[in-house]
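A closer look at the structure
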Amino acid sequence: MNYALIFKGHDFEYEIQAVAKIFIPRVRFQLCRENEITEAENQILTEYDKIQNLMRVEIVLHQKKYAVSAPACAEKAEQEFQLCQMLYTGLQKLTGYQPPWGMLTGIRPVRKILDKLGQGLTPEQACAELKQKYLISDKKLKLARDTALVQKAILPHSLKEIGLYISVPFCPTRCSYCSFVSHSVESAGNLIPEYVQKLCEEIKILGQLIQKYHLSVQTVYIGGGTPTAISAQQLMQVMQAVQKYIDISHIREYTVEAGRADTITEEKLTVIKTMNADRISVNPQTLQDSVLKEIGRNHTARQAVDAFLSARKLGFDNINMDVIAGLPSDDFAGFSDTLQKILALAPDSITVHTLTVKRAGTLYHDTQYQNTEISEVEKMAEYSAKILPESGYRPYYLYRQKNTLGNLENVGYARAGKENIYNILIMDDRQTILGAGCAASSKIITPDGNLTRIMNYKFPYEYIQRFEELMQKKQQIAQELEKLT
Ligand code: SF4
């Protein structure tokens, strides 16, 4: 079926498309400007008629029709919002769908609440304003508000306090839904020794910059991929580089995303413990064996539970477990059973993701999967939002992504004092993060609030081959860091 978006007399294409995708996800719209002709069966026209000073929306969707017009607002930003709102109302009427986050298309709803609290509004006033403007449901507003209140106490920091991210982009096999830059050990394993060596060199260079500009590292996060996909010796090499070159005497949190159970061994956990990381993640995503098989993971639910118990036995007292709502072949019964089993293990934090179907993942092209009952996923998210707080886990971190099933969100829940500071700070976009490794980015926030992002090369072979060029880019990072002095 073909879908066209027709834009006339305005340049609000990005926002209009975002609103259309709330109701009509995962289709590629034909974009027609001004008088371009389209033969698409489904057409959405948005128009700013400057001569008559009118906003107009006309929709033909699955043979149903809707049309509305209204006098245009005076300011351009208001006009954009007005047209989006008119389109939202029309699509809601034609589809009967009530999006849980309303018209809000941004990825950081919590930031909107924090900004309003910063302007002196009470949490209730902040929620009322957002509800009126974006038509967000009460349940989602409560989730965002509760998250904002937990974050408020953790957020303050000085510009000189930074985070460090280290990327290990390898996994034992590739999960069917994965869209990260990650390579299976089978196909790219021969690159790992050189990758690790270069990574340690980059950590050294970042350590020199940190020292030169008198920065204080607050958080270290070794993520991926799956950092435990490399050998215990290679992991030790990376963590020794951190110990040797980075001053971590002021650190608040040191995370290693152990990730998949098929990579976690007692030897690797001992390395992590010995090198003083204090938080790990064991990410089963589901504890249903059939679903694990369906998504291409080579481990069982029992292995994930054993990995968790083994980490506890070694003395880890800050362990996160990740689950995903909406995995292929999973249903509400499977998801709730997974969550119950995880609660029985009593991890310190539980992160509930909603499946995102991205182009890079093989699921994107699976039409049968695209028909997954969205309401089932909504039930899973609602169940998490109820049962986790009841079990002593508070929401502390929340973000949304494009193409998430049911327009839902990812939420980190934690026991008080076990919130992942790095995750909060990276989403808040107000702290400098230096990144090492392929696909890592360095994000520098200057005193005037400007954010400069400097990307490393995306793939391991590129990272290795063009390492010298990459190190020249460190000059650019140095120039930005200079502004912090
Ligand atoms: S473990 Fe994560 S990074 Fe690795 S393949 Fe699976 S989804 Fe991708």
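In this text the structure is predicted, and so the values were computed from the model without any measurement. (Residues numbered from 1 in each chain as written. Predicted model: local features only at pLDDT ≥ 70, side-chain atom pairs only at ≥ 80, totals over all residues. Heavy atoms only, no water.)

Notes on the site of the ligand
By nearness alone, every residue bordering the ligand is listed as Cys171, Thr173, Arg174, Cys175, Tyr177, Cys178, Phe180, Ser182, Gly225, Thr226, Arg260 and Arg297. Each residue belonging to the shell around the ligand can be placed in one class, and the counts come to five nonpolar, four polar and three charged. (Near = heavy atom within 4 Å. Nonpolar A, V, L, I, M, F, W, Y, C, P; charged D, E, K, R; others polar.)

Focus on helix H11 (residues 301–313)
Residues that lie three or four places apart on an α-helix share one face, since the helix turns once every 3.6 residues. The end-to-end C-alpha distance of H11 is 18 Å, a good match for the 18 Å that 13 residues give at a rise of 1.5 Å each. Those residues of H11 that sit buried are Ala301, Ala304, Val305, Ala307, Phe308, Ser310 and Ala311. Considering only its buried residues, H11 is in contact with helix H9 (266–274), strand E11 (279–282), helix H10 (289–294), strand E12 (319–325) and helix H12 (332–345). Phi for Gly315, located one or two positions after H11, is positive at around 100 degrees. (Helix = DSSP H or I, 4+ residues; strand = E, 2+ residues; numbered from the N terminus. Expected span 1.5 Å × (residues − 1). Buried < 20%, exposed > 50% of the residue type's maximum accessible area, 1.4 Å probe, protein only. Contact = heavy atoms within 4.5 Å.)

Notes on unusual backbone geometry
Residues apart from glycine generally show negative phi values, whereas peptide bonds are mostly found in trans. That bond from Gly224 to Gly225 is cis: its omega, 20 degrees, falls within 30 degrees of zero. When you line up the elements, Gly225 lands in the loop between strand E9 (216–224) and helix H8 (232–245). The phi dihedral of Asp429 falls on the positive side, at around 60 degrees, and the residue is not glycine.

Thoughts on the pattern of salt bridges
Evaluation of the coordinates by the stated rule reveals 28 salt bridges. When the shortest N-O distance is used, the salt bridge between Asp49 and Arg56 registers 3.4 Å. Take Asp49 and Arg56: they sit in the same class, and that class is buried. Glu124 serves as the salt-bridge partner of Arg145, at 3.4 Å between the closest nitrogen and oxygen. Placement of Arg145 in helix H5 (residues 138–154) and of Glu124 in helix H4 (residues 123–134) is noted, with a sequence separation of 21 residues between them. You can call Arg145 partly exposed: its relative accessible area is 23%. Shared partners join several salt bridges into a network, and the residues in it are Arg111, Asp115, Asp428 and Arg430. (Salt bridge = Lys/Arg side-chain N within 4 Å of Asp/Glu carboxyl O.)

A short note on the domain arrangement of the protein
Partitioning the protein into domains gives domain 1 (3–95), domain 2 (109–153) and domain 3 (157–436). The straight-line distance from the C-alpha centre of domain 1 to that of domain 2 is 28 Å. (Domains from an automatic or database assignment.)

A short note on the pairing of strand E18 (residues 451–455)
Bridging between strand E17 (residues 441–445) and E18 involves five bridges; their strand directions are antiparallel. Residue pairing in the sheet places Ile444 in a bridge with Thr452 of E18. (Pairing = 2+ DSSP bridges.)

Here we look at the environment of Tyr254
Here Tyr254 is to be found in strand E10 (residues 253–259). Excluding anything up to four places from it in sequence, Tyr254 contacts Val220, Ile222, Met239, Val242, Ile248, Met275, Asn276, Ala277, Asp278 and Arg279.

Comments concerning H9
Among the residues of H9, those classed as buried are Lys268, Leu269, Val271 and Ile272. Here the buried residues of H9 occupy an arc of 155 degrees about the axis, which is enough to place them on one side. In this fold, the buried residues of H9 make contact with H8, E10, E11 and H11. Following H9 by one or two positions, Asn276 adopts a phi angle in the positive range, close to 75 degrees. (Arc of directions from axis to C-beta.)

Some points on the packing of helix H7 (residues 192–212) against helix H18 (residues 474–482)
For the pair H7 and H18, interaxial distance at closest approach is 11 Å and the crossing angle is 25 degrees. Relative to H18, the element H7 is oriented roughly parallel. Both H7 and H18 take part in a crossing whose hand is right-handed. Here Glu202, Ile205, Leu206 and Leu209 of H7 lie close against H18, whose contacting residues are Lys474, Ile477, Ala478 and Leu481. (Axes fitted to C-alpha atoms, helices over the stretch in contact; angles between N-to-C directions. Parallel < 35°, antiparallel > 145°, perpendicular 65-115°, else oblique. Left-handed = near helix turned anticlockwise from the far one by under 90°.)

Points about the nonpolar core
Within the largest apolar cluster, 151 residues are counted, with the highest numbers of intra-cluster contacts made by Ile166 and Met239. The element contributing the most residues to this core is H7, with nine residues. (Core = buried A, V, L, I, M, F, W, Y, C linked by side-chain atoms within 4.5 Å.)

Focus on empty space enclosed by the protein
Taken as a whole, this structure holds three cavities of 30 Å³ or more when the rule is applied. Taken as a whole, the largest cavity spans an internal volume of roughly 70 Å³. Considering the residues around the largest cavity, the lining is formed by Arg108, Val110, Arg111, Leu114, Gln151, Leu398, Ile424, Met427 and Asp428. Broken down by secondary-structure element, the contributors of at least two residues to the lining of the largest cavity are helix H3 (109–118) and helix H15 (421–428). When its residues are assigned to classes, the lining of the largest cavity shows five nonpolar, one polar and three charged. Quantified by volume, the second largest cavity comes out at close to 50 Å³. What lines the second largest cavity is Ala325, Val352, His353, Thr354, Ala381, Ser384, Glu409, Val411 and Tyr413. Breaking the lining of the second largest cavity down by element, the ones donating at least two residues are strand E13 (349–354), helix H14 (374–390) and strand E15 (410–414). Element by element, the count of residues in the lining of the second largest cavity is highest for E13, at three residues. (1 Å grid on protein atoms, 1.4 Å probe; cavity = no way out; pocket = protein on both sides within 12 Å on 5 of 7 lines; lining within 4 Å. Points joined across faces, edges and corners; volume = space filled by probe spheres on them.)

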